[in-house]
Amino acid sequence: MAGRINDDDVKAVRDAVPIDSVVSEYLQLRNAGGGNLKGLCPFHDEKSPSFQVSPGKGLFHCFGCQEGGDTIAFVMKIDHLSFSETVERLAAKAGITLRYEEGGYNPSHQRGERIRLIEAHQAAADFYVRALESPEAEIGRKFLAERGFDQDAATHFRVGYSPAGWDHLTRYLRGKGFSDKELITSGLSQDGRRGPIDRFRGRLMWPISDTAGEIVGFGARKLRDDDNGPKYLNTPDTPVYKKSQVLYGIDLAKKDIAKASRAVVVEGYTDVMACHLAGITTAIATCGTAFGNDHIKILRRLLMDNGSARVIFTFDGDSAGQKAALRAFEDDQKFAAETYIAIAPDGMDPCDLRLTKGDDAVRDLVEPRTPLFEFALRQIVGRYDLETPAGRAAALDEAAAVVAKIKTSSVQREVAVQLAGLVGILDQEFVVHRVAQLARWARDRGDKGERGRGPGGPQDRRGGAPQRPAQAPVGPSGPALNLRSPAHRTERELLKLALQKPALVSPAFDAYGADEFTAPPYAAVRQCIAEAGGAERGLGDNREYLVAVMDAAPNNTVRSLVTELAVEVFMGRTIDETYAGMQLVHVRLRAVDRRINEVQGSLARLGSNVAPDDLAAAQNEVWVLQQYAQSLRAKGADAL
């Protein structure tokens, strides 16, 4: 049984790996003010960035879907890893050797499945790269040379070769300590009559990496006529590889995509190579599948959907390429970026174009030329005889339904006017009205469907997660949070101070009871702070303090509220001792006033039935509380 990772080592890993450097491997981050960074949330669809990272605190929080936590929690969530797998992966990144309470130093049998599969793919990639230098691989080197790729290009993209024998790689990886089960699970081997055999044999190999740069699969190109397999063979779906969720070249292109706010989508591995070598370092490709929703999510997080973002699709000019372009247009509205299509006049792909006409021709190809919607509409309209009234009507019916899917009304109208010109209908307003009518019908059908969803609530029409009600409970049962309430606003500010700037509220804050917070979710956070050692603990290692507060949370809902409060900006302009004192006084003063009202209300209800001693004690308590309230109003924080 695997041993428990030493707590000091977990802390060392958490401190050693900056959260912003980890998160930026998956999405583009920009300045959000107050020392925070923001980006599009990787855990739910959204149009504007509500995902924030606080490098100073080592925390992230999404104000849209409420996901939050530290670096370890982020990696666990986004890569579906266990706690120990995540710590091991981050430890390797930081060069930290882990100790286990039972079992010594980081033995391979204690490593999680994902880490083992990634290591197997890394070892396989090294094996394939070396094999490309063998005499047998001459056919592979010739294939690359004929397409204009020299040894330096092969090295840059880590292109390799899988030997034609049955089990060369399998035996090599067994010798590295990988089990037959791991080799089958990874997709590198497959079951044979006498045990595992290599899945890829006698092929040119391209390693496929995820956004973080870890090799998760391979694409293999057929080289020999006696190979009866498909032209391209990819790794099957495995625990680390889902073809609908990976883009070839994304590890090489992600920084330039984010920097330039531009992505170029091509069809094959050699097209990516050709584009990058020609200076188009934002090129990526799908891996044997259509460009779909998950691919869009990857690009949107990198592009961050600003107004200048561009996505350029380069499809072959044949019918298959045209179909691919139409499929891409179906998803066009899921981008906030502008989308274009680039097709070489003679229908060549970027690889052939570079070989025939050079790098300049490839660079010219991907300059935005034709908007994707215009290309798609031309493809639709081109199937009909526009010389006849019936042909024009049929073309309008099909194309108008596509235009009606455009959600921005101004853009929808503009495209509808262009459609009128493409079809040859002089009455532009008729076409605009027809498109608007189809859009309205679609919305009405959608609304009815949403109302019929039942208690789950309506979906965000932009395709995102369900929208939370404005005053939805965020924690234990009780009254909903209402930030228009002065009491709730002040309690929230005080908790933010206790989490983010504990020096401004210590030691006074630690004398506050959970019952002084009227909102049950805030009372729960106050209790977590107390169980973590109080705000005074935050005067030392603030990150360790925040982790302790999160660990004290009774459930994920409270834990999410902790991360939210720990990264949220303050309402005030100047956050100093005066501001902190105001929050402390307001929360305490309201608690004192509530207690006065409670005692006086109890006395009024009991009337003459109160025992003389109890009456005297209650009256004395009210007098003391009233004096304290008067002092708080007069002296402020000095009276605490």
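Residues numbered from 1 in each chain as written. Predicted model: local features only at pLDDT ≥ 70, side-chain atom pairs only at ≥ 80, totals over all residues. Heavy atoms only, no water.

1. Some remarks on the overall build of the chain
Along the backbone of the chain there are 25 helices and 18 strands. For the chain, contacts bridging at least 24 residues in sequence account for 66% of all contacts bridging at least 6. With the model as given, the accessible surface of the chain reaches about 29900 Å², and the carbon-plus-sulfur share is 49%. (Helix = DSSP H or I, 4+ residues; strand = E, 2+ residues; numbered from the N terminus. Contact = heavy atoms within 4.5 Å. Areas by Shrake-Rupley, 256 points an atom, 1.4 Å probe, with all protein chains shown as cover.)

2. Notes on helix H22 (residues 542–551)
When you tally the buried positions in H22, you get seven out of ten residues, the bulk of the element. Buried residues along H22 sit against helix H1 (7–16), strand E4 (59–62), strand E5 (68–70), helix H20 (486–500), helix H21 (520–531) and helix H23 (556–567). (Buried < 20%, exposed > 50% of the residue type's maximum accessible area, 1.4 Å probe, protein only.)

3. Details of the packing of H22 against H23
Running from N to C, H22 and H23 point in directions that differ by 150°, and their axes come no closer than 9 Å. With respect to H23, the element H22 is oriented roughly antiparallel. Touching Leu546, Val549 and Met550 of H22 are Arg559, Val562, Thr563 and Ala566, all from H23. Residues belonging to the contact of H22 with H23 are distributed by class as follows: five nonpolar, one polar and one charged. (Axes fitted to C-alpha atoms, helices over the stretch in contact; angles between N-to-C directions. Parallel < 35°, antiparallel > 145°, perpendicular 65-115°, else oblique. Nonpolar A, V, L, I, M, F, W, Y, C, P; charged D, E, K, R; others polar.)

4. Looking at the confidence of the model for the chain
Averaged over the chain, the pLDDT score is 84; the fraction of residues at 70 or greater is 88%. Every residue in residues 104–110 is under pLDDT 50, and counting partners more than four places away or in other chains gives 18 contacts. Within the model, pLDDT remains below 50 along residues 447–480, and this stretch shows 38 contacts once partners closer than five positions in the same chain are excluded. (pLDDT = per-residue confidence, 0-100.)

5. Considerations on the pattern of salt bridges
Summed over all chains, the structure comprises 35 salt bridges. In this structure, the salt-bridge partner of Glu398 is Arg383, at a minimum N-O distance of 2.4 Å. Of the two residues, Glu398 is situated in helix H17 (residues 389–403) and Arg383 in the loop between helix H16 (372–381) and H17; the sequence distance between them amounts to 15 residues. On the accessibility criterion, Arg383 (49% relative accessible area) is partly exposed. Glu516 is the salt-bridge partner of Arg588, the closest N and O atoms lying 2.7 Å from each other. Pair noted here: Arg588 is in helix H24 (residues 577–606) and Glu516 is in the loop between H20 and H21, with a separation of 72 residues, a long-range link. One connected set of salt bridges, linked through shared partners, spans Asp79, Arg89, Arg114, Asp210 and Glu214. (Salt bridge = Lys/Arg side-chain N within 4 Å of Asp/Glu carboxyl O.)

6. Some remarks on the sheet that holds strand E18 (residues 370–371)
One open sheet accounts for five strands, arranged E15-E14-E16-E17-E18; its pairing is mixed. What marks the edges here is a single partner per strand, and that holds for strand E15 (283–285) and E18. Strand direction decides the pairing type here: strand E16 (residues 310–313) and strand E17 (residues 338–341), joined by four bridges, are parallel. Looking at E17, one finds that Val311 is bridged to Thr339. Running over the sheet, helix H10 (residues 250–260) touches strand E14 (262–266) and E15 and is turned about 130° from E15. Packed on one face of the sheet, helix H12 (residues 293–303) meets E14, E15 and E16 and runs near 155° to E14. (Pairing = 2+ DSSP bridges.)

7. Digging into the side chain of Glu25
Residue placement: Glu25 occurs in the loop between helix H2 (19–23) and strand E1 (30–33). Discounting residues that sit within four places of it in the chain, Glu25 has contacts with Lys93, Thr211, Ala212 and Lys254.

8. Things to note about the nonpolar core
Leu144, Val159, Leu204, Trp206 and Tyr248 are the most contacted members of the largest nonpolar core, which totals 45 residues. Broken down by element, this core gets its largest block of residues, five residues, from helix H11 (residues 269–277). Grouped together as the second largest cluster of nonpolar side chains are 38 residues, Tyr512, Ala523, Ile529 and Leu561 included. (Core = buried A, V, L, I, M, F, W, Y, C linked by side-chain atoms within 4.5 Å.)

9. Topic: the packing of H20 against H22
Here H20 crosses H22 at 125°, and the two axes come no closer than 9 Å. Of the possible angle classes, the one that applies to H20 and H22 is oblique. Counted together, Ala498, Leu499 and Gln500 of H20 and Asn542, Tyr545, Leu546 and Val549 of H22 form the full contact between these two elements. Looking at the contact of H20 with H22 residue by residue, the class counts come to five nonpolar, two polar and no charged.

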